[in-house]
Amino acid sequence: MTTVDTINPEKRSTGEQLLRLARKNKLSTFGLIMFLVIVLAAIFAPLIAPHDPLEQNILARLQDRSPEYILGTDTFGRDTFSRILYGLRISLLIGLTSTVLAMILGCALGIIAGYRGGWIDSVIMRCMDMLLAFPTLITGLFIVAVLGANFVNIVLAITVTILPKFARVARAPTIALKEREFVEAARALGFSDLRIMALHIAPNIVGEVVVLASLWAAYAIRIEAYLSFIGLGVAPPTPTLGTMIRDGFEHILDAPFVSIYPGFAVLLVVLSLNLVGDGLRDAIDPKLRD
Amino acid sequence: MASYILKRLMSTIPTLFGILTIVFVMIRIAPGDPALAILGDNASQEALDAFRERMGLNDPMIVQYWDFLKDLASGSLGVSMVTGKPVADSVASVLPFTLELAFGAIFFGIIIGVPIGIISAIWRNGWLDYFFRVVSLLGLSFPAFLTAILLILWLSIEWRIFPVISTPTGGGLWDRIYNLILPALSLGIIMVAYIMRSARSAMLDVMGEDYIRTARAKGAPGRRLIWHHALRNALIPIVTVVGLYFGLLIGNAVLTEIIFNRPGLGKLIVLSLNQRDYTTLQGLMIVSALMIVIVNLLTDLCYALVDPRVKLK
């Protein structure tokens, strides 16, 4: 259904198009700015953080907001705000790495399946169906539990769980694209299949894939938080948002803010990405456009 | 219809085999010796050998795989590496709690999400529509634990309406429902958001159809148009949403159970993770994948039932 034409309705420069999109969709622009601010805050965490995220101050434990500790302190008197900044680094690094990996691998598989068709298509898509049959979080849990909780395994677990979604989205337009004249022409010129898939088909599905990527990045970041909440995160003492929430949960009655602030940090990252993805989808899917 | 059901059933068989194989392989490639992991470093050689023999760990891989399939065919998920009790029993004892939680969430999702979605669609691009759309985006961005924590703070601690820890104590049906409300609501927020969005877009799709225009041209009053003509067809995609997000729901249910300290798959998963009880984990993976396969199957069948065109494909 969705073909190249809907991605590029009019010939305008990319900058012009982006500007037009931004003006039309204020909410997404807001989301994008929010996301960029969060990313910058995470990158420059060492400069922004008022305290060392690991520094303990037992005398000031479980304090609510104060000028000294902007978002209060945790059980060990560590500064929640600084820990959130450092926690965001882990969340973003794991979330974005696994989304990019899943995007590359998933799209490659989807394009190959769609372009080649036949038994290759059947085998790839059946495998994707199998992966889709596992609840994402439980699969992630299982992989991390079996292989061990470290950065590489967590990225691997999240990549595997979201990869099939990319494969599906890449496959459908590929089937339509491979019948088009320009692909036909490329084939007539004797280009290899690999070259056609990489240079002629892939660029035409980028739009749809990017929308999906922003939405699944939001999901990936949430899964990372869930995994570390359950105790399968990057090893302590590295602060991760999920671990902070879990540790604070013991004080839900006397100091609920200990887990609420990192919880809101997760919410803000996820929300910003969802806002961006939603706006992009509205812009790309002509069915939803007025 | 019968032939469609049969065809659809047959198509799940390769998927099922694949799932079982993946789970089997995953467990086997786990680093470390399960015997050592369970019995500890101080276990005697005899104890280790006996454990390996009992669990069939000495058999060739292909024999283990065959035994694994044979057991499954007879409905057995093997025995727990830690307790020695059948895995199927421990899963069966907690599964109803997770299912009632999931269905409770779907219930909240439908009773809140559908009306909001319809209102949004009717007053499309009005302020109410924008408001609900932003709220739904917020709803589906909320991490499961944050929803749970905030609900506990407001409804249990501030207003004291619901218990903080919702452990069904076996009491009567009312007690069970009362303990279910808060966790189900917490898990249901995300379903409300998804269902609202799909109800809205389905309603908008249907409202653009020719037959609606015909009804309008014939002078059908607005309310009748919506309730009688549009709504019925707009409800179909909601079946898909429930099917589509069931996996997500089960995953989030695990977290919700942990936070509310409810019995269910979640607590069992955490327990077996901590004890490195791989056979129980294996059983849990199989059961949860099986649930998704069944829900997908039911979704497709529902679809075929309401939309005769599906069968012909």
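All figures in this text were calculated on a predicted structure; none of them were measured in a lab. (Residues numbered from 1 in each chain as written. Chains lettered and ligands numbered in written order. Predicted model: local features only at pLDDT ≥ 70, side-chain atom pairs only at ≥ 80, totals over all residues. Heavy atoms only, no water.)

### Quick word on helix H5 (residues 87-122) of chain B
Residue pairs spaced three or four apart in an α-helix point in one direction, given the helix's 3.6 residues per turn.
So, point 1. For H5(B), spanning 36 residues, the distance from its first C-alpha to its last is 50 Å, which sits close to the expected 52 Å at 1.5 Å a residue.
So, point 2. By the largest-angle criterion, B:Val94 marks the main kink of H5(B), which is about 35 degrees, and a proline, B:Pro96, follows within four residues. (Helix = DSSP H or I, 4+ residues; strand = E, 2+ residues; numbered from the N terminus. Expected span 1.5 Å × (residues − 1). Bend = angle between axes of the 7 residues up to and from the residue.)

### Structural notes on the domain arrangement of chain B
Residues and elements named next belong to chain B.
So, point 1. Per the domain assignment, the segments making up chain B are domain 1 (2-86) and domain 2 (88-306).
So, point 2. For domain 1 versus domain 2, the distance between C-alpha centres works out to 33 Å.
So, point 3. Listed by partner, the interface residues are 25 residues for domain 1 and 22 residues for domain 2.
So, point 4. Approximately 2,000 Å² of surface area, both sides summed, lies buried where domain 1 meets domain 2, with 73% of it carried by carbon and sulfur atoms.
So, point 5. By the criterion of area lost to domain 2, the three top residues of domain 1 are Arg8, Leu77 and Pro86, representing 28% of everything that side buries.
So, point 6. The interface formed by domain 1 and domain 2 includes zero salt bridges.
So, point 7. Counting residues per element, the ones that place at least two in the side of domain 1 that touches domain 2 are helix H1 (2-28), helix H2 (34-39) and helix H4 (61-73). (Domains from an automatic or database assignment. Contact = heavy atoms within 4.5 Å. Buried area = accessible area lost by both parts, 1.4 Å probe. Salt bridge = Lys/Arg side-chain N within 4 Å of Asp/Glu carboxyl O.)

### A closer look at empty space enclosed by the protein
So, point 1. Within this structure, the stated rule accounts for six cavities of 30 Å³ or more.
So, point 2. Approximately 80 Å³ is the volume attributed to the largest cavity.
So, point 3. For the largest cavity, the full set of lining residues is A:Asp74, A:Thr75, A:Phe76, A:Arg78, A:Thr80, A:Arg83, A:Met244, A:Asp247 and A:Val258.
So, point 4. Secondary-structure elements contributing two or more residues to the lining of the largest cavity are helix H5 (80-116) and helix H11 (241-249) of chain A.
So, point 5. Here the lining of the largest cavity is composed, by residue class, of three nonpolar, two polar and four charged.
So, point 6. When its volume is computed, the second largest cavity comes out at roughly 70 Å³.
So, point 7. Lining the second largest cavity are A:Thr136, A:Leu137, A:Tyr219, A:Arg222, A:Ile223, A:Tyr226, B:Ile190, B:Leu248, B:Gly251 and B:Asn252. (1 Å grid on protein atoms, 1.4 Å probe; cavity = no way out; pocket = protein on both sides within 12 Å on 5 of 7 lines; lining within 4 Å. Points joined across faces, edges and corners; volume = space filled by probe spheres on them. Nonpolar A, V, L, I, M, F, W, Y, C, P; charged D, E, K, R; others polar.)

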